[in-house]
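In case you want the letters, here they are:
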Amino acid sequence: MSVKVVKRAYRYRCYPDEKQAVELLRTFGCVRLVYNRALDARTTAWRQEQRRVDYEDTSALLTAWKRTDEFGFLNEVSSVPLQQCLRHQQKAFANFFGKRAAYHKFKSRKKSRASAEYTRSGFRWRDGELTLAKMDAPLAVVWSRPLPEGTEPSTVTVSRDPAGRWHVSILVEATVHQYTPLKAVVGVDAGLTCLVALSTGEKITNPRHEARERVALARAQRNLARKAKGSKNRAKARVGVARVHARIADRRRDVLHKLTTRLVRENQTIVIEDLAVRNMLGNRALARAISDASWSEFRSMLTYKADWYGRSVVVVDRWFPSSKTCSRCGHVLDTLPLGVREWTCPGCGEVHDRDVNAARNILAAGQAVVACGDGVRPNRR
């Protein structure tokens with residue numbers, strides 16, 4: 001059994017005391033300020049002078065800001081998270097110029113993720129305790145699972161979600177034992193009525209977490225709407241709404257982790273469809289259900305786990321008519337409305353479950369891609 005060294009993040013709940021919470025909130029604010037000012041400097045330089053500003057330039061700007069009376073308070077927090085946000089911004093612009101991402105937006109106090117990243121010089125790791133820069137005592141971390149033996153953190157990211165929960169994410173280099181190679185291959189069709197359908201005929205039920213919490217979410221949102229803007233009660237009500245959303249997200253993530261782990265463990269190759277999720281969210285009738293199914297997160301989890309454990313993921317062209325093609329004789333229907341969940345092939349008389357039939361066609365198309373090369377795509381109609 002081969003092994004692979006990967007960078008792996010372990011996420012834990014933490015409970016900073018009052019002094020530590022104040023220090024972290026101040027750091028979050030400074031990180032947001034530095035990011036926004038650096039982004040403004042980059043944008044202004046390009047619009048006025050057609051000049052690109054890189055990381056070294058923004059780092060020099062940060063040094064200059066710290067020497068002014070207006071932004072002298074930046075010296076009161078650790079410099080490591082401030083430099084890290086500039087490095088992340090540099091990477092974001094590299095992705096933008098490489099046409100891999102959109103132009104970045106300014107960070108908002110209310111909507112942006114509150115976080116700060118510390119590299120090795122910004123924290124102390126000793127005897128299983130984590131102490132951040134500018135702090136006298138270690139963080140109270142709930143070690144829900146141990147870090148891999150013999151590893152030490154390379155970076156630590158502290159964050160606070162809208163529900164008021166504190167988390168610490170610790171990045172380490174971990175050794176992953178890859179699974180024994182198998183012959184099993186499976187096609188996966190993502191859906192709404194069922195979470196996924198497999199080419200084996202199995203259908204995984206869609207838990208519909210958002211629908212199950214819709215009453216509680218509506219109640220919390222009505223409570224928020226009644227509160228006066230800017231009041232403390234409105235701030236408390238906003239946390240109540242965030243807690244419902246956090247509960248939905250946690251349950252959804254748990255189901256997806258279990259499903260993707262199972263698929264990777266039981267199959268050597270997993271074939272999926274290249275869905276244009278962003279475009280599909282434009283359909284108002286289905287947007288909520290599509291978001292609840294979280295197809296993008298499912299694909300992301302499946303991809304990195306397959307890479308870790310020596311499996312492969314094959315992606316089939318999104319235009320391949322998997323649902324309306326007969327998996328037995330190859331007959332293609334002219335149309336197949338979304339409401340039709342079962343249909344009979346006019347060519348061979350086979351009765352198909354829409355989702356299972358699509359999964360079998362996806363599997364066949366994926367095997368053709370593997371046999372003929374990545375440049376081959378199934379014929380369109």
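What you see is a predicted model; the values in this text were computed from it and never measured. For every chain, the first residue of its written sequence is number 1, and the numbers climb from 1 along that sequence. Only residues with pLDDT of 70 or above have their local features reported here, since the model is predicted, and side-chain atom pairs are shown and tallied only from 80 upward, although totals for entire chains, interfaces and linings are computed over all residues. Values shown for side chains rest on all heavy atoms present in the structure; no hydrogens or waters enter the calculation.

Take the overall build of the protein next. Helix and strand labels come from DSSP, where a helix needs a run of H or I of at least four residues and a strand needs a run of E of at least two; each type is numbered from the N terminus. A count of helical and extended segments in the protein gives 10 helices and 14 strands. C-alpha extents for the protein along the principal axes are approximately 80 × 55 × 50 Å. Relative to its full complement of 381 residues, the protein shows a buried share of 41%. Contact definition: two residues touch when any of their heavy atoms are within 4.5 Å. In the protein, once contacts between residues fewer than 6 apart in sequence are set aside, the share between residues at least 24 apart is 71%. Note on areas: these come from Shrake-Rupley sampling with a 1.4 Å probe, and a residue is covered only by the protein chains present in the view. When the accessible surface of the protein is split by element, carbon and sulfur atoms take 50% of a total near 21,800 Å². Placing the 69 positive and 38 negative side-chain charges of the protein at their respective mean positions leaves the two points 5 Å apart. Think of it in three bands: with a 1.4 Å probe and only protein chains considered, a residue is buried below 20% of the maximum accessible area for its type, exposed above 50%, and partly exposed in between. Charged residues are defined narrowly, with Lys and Arg counted positive, Asp and Glu counted negative, and His plus the chain ends left uncounted. Lys charges are placed at NZ, Arg charges at CZ, Asp charges at CG and Glu charges at CD.

To qualify as a nonpolar core, a set must consist of buried Ala, Val, Leu, Ile, Met, Phe, Trp, Tyr and Cys residues joined through side-chain atoms within 4.5 Å. Membership of the largest hydrophobic core comes to 39 residues, with the highest contact counts inside it found for Leu132, Val158 and Val168. Element by element, the count of residues in this core is highest for helix 1 (residues 18–49), at nine residues. Leaving out residues up to four positions away in the same chain, Leu132 has contacts with Leu24, Tyr118, Gly122, Phe123, Leu139, Val156 and Val158. Counting residues in each nonpolar core, the second largest holds 25 residues, with Val176, Ile290, Ala293 and Leu302 among its members.

pLDDT gives the predictor's per-residue confidence on a scale running from 0 to 100. Averaged over the protein, the pLDDT score is 92; the fraction of residues at 70 or greater is 97%. Of all the helices and strands in the protein, helix 7 (residues 277–280) carries the lowest mean pLDDT, 78, while strand 6 (residues 155–160) carries the highest, 97. Segment residues 375–381 is flagged for pLDDT under 50; beyond a separation of four residues in sequence, or across chains, it makes 14 contacts in the model.

So, about the state of the cysteines. Two cysteine sulfur atoms form a disulfide, by the criterion used here, when they sit within 2.5 Å. Under the counting rule described, the total for this entry stands at zero disulfides. No disulfide involves Cys14; its sulfur sits 19 Å from that of Cys30, the nearest cysteine. The thiol of Cys329 is unpaired, and the distance to the nearest cysteine sulfur, on Cys345, comes to 3.5 Å.

Reading across from one edge, 10-9-8-11-12 is the order of the five strands in this open sheet, with mixed pairing throughout. Bordering the open sheet on either side are strand 10 (203–205) and strand 12 (312–316), each of which pairs with just one other strand. Neighbour to neighbour, the strand axes of the sheet diverge by 25° on average, direction disregarded. We treat two strands as partners when DSSP finds at least two bridges between them. Examined bridge by bridge, strand 9 (residues 194–198) and strand 10 share three bridges and lie antiparallel to one another. Pairing of Ala197 across the sheet is with Lys203, part of strand 10. Lying over the sheet, helix 9 (residues 295–308) contacts strand 8 (185–190), strand 9, strand 11 (269–273) and strand 12, oriented at roughly 140° with respect to strand 12. As a rule, the C-alpha atoms of each element are fitted with a line to give its axis, helices using only the stretch in contact, and angles between N-to-C directions run from 0 to 180 degrees. Seen against the sheet, helix 10 (residues 354–372) touches strand 8, strand 9, strand 10, strand 11 and strand 12 and runs at an angle of roughly 130° to strand 8.

This part is about the pattern of salt bridges. When a carboxyl oxygen of Asp or Glu is within 4 Å of a side-chain nitrogen of Lys or Arg, the pair counts as a salt bridge. For the coordinates displayed, the defined rule picks out 23 salt bridges. Across the pair Asp353 and Lys203 runs a salt bridge, and its minimum N-O distance is 3.0 Å. With Asp353 in strand 14 (residues 351–353) and Lys203 in strand 10, this pair connects stretches of sequence that are 150 residues apart. For Asp353, a relative accessible area of 26% gives the class partly exposed. A relative accessible area of 38% places Lys203 in the partly exposed class. A cluster of three or more residues bridged by salt bridges with shared partners is formed by Asp161, Arg165, Asp250, Arg253 and Glu297.

Only Phe, Tyr and Trp rings take part, Trp by its six-membered ring, and two of them pair if their centres are within 6.5 Å. Stacked means planes under 30 degrees apart, edge-to-face means over 60, and tilted covers everything else. Scanning all chains against the criterion turns up 11 aromatic pairs. Cation over ring: Arg42 sits above Phe93, and NZ or CZ is 4.6 Å from the ring centre. A ring has a charge above it when a Lys NZ or an Arg CZ is no more than 6 Å from the ring centre and no more than 35 degrees off the ring normal. The cationic tip of Arg52 hangs over the ring face of Phe97; the distance from NZ or CZ to the ring centre is 3.6 Å.

Next up on the list: the pairing of strand 11. Counting buried positions over the five residues of strand 11 gives five, a clear majority of the element. Going residue by residue along strand 11, you find Thr269, Val271 and Glu273 tucked away on one face and Ile270 and Ile272 tucked away on the opposite face as well. Direction of pairing for strand 8 relative to strand 11: parallel, over a ladder of three bridges. Considered in strand 11, the bridge of Val185 is made with Thr269. As judged from the five bridges shared by strand 11 and strand 12, these two strands associate in the parallel manner. Bridge pairing in strand 12 places Val271 opposite Val314.

What follows deals with helix 2 (residues 55–66). By this rule the span expected of a helix is its residue count minus one, scaled by 1.5 Å. Helix length check: helix 2, at 12 residues, gives a terminal C-alpha distance of 17 Å against a target of 16 Å (1.5 Å per residue), a fit within 8%. Where helix 2 is buried, its residues meet helix 1 and helix 3 (79–97). Contacts described as polar in this section are N or O atom pairs within 3.5 Å, which, within protein, must combine one atom able to donate a hydrogen with one able to accept it, while residues neighboring in sequence count only if both atoms come from side chains. A side-chain oxygen of the first residue of helix 2 lies 3.3 Å from the backbone nitrogen of Glu56; this N-cap is Asp54.

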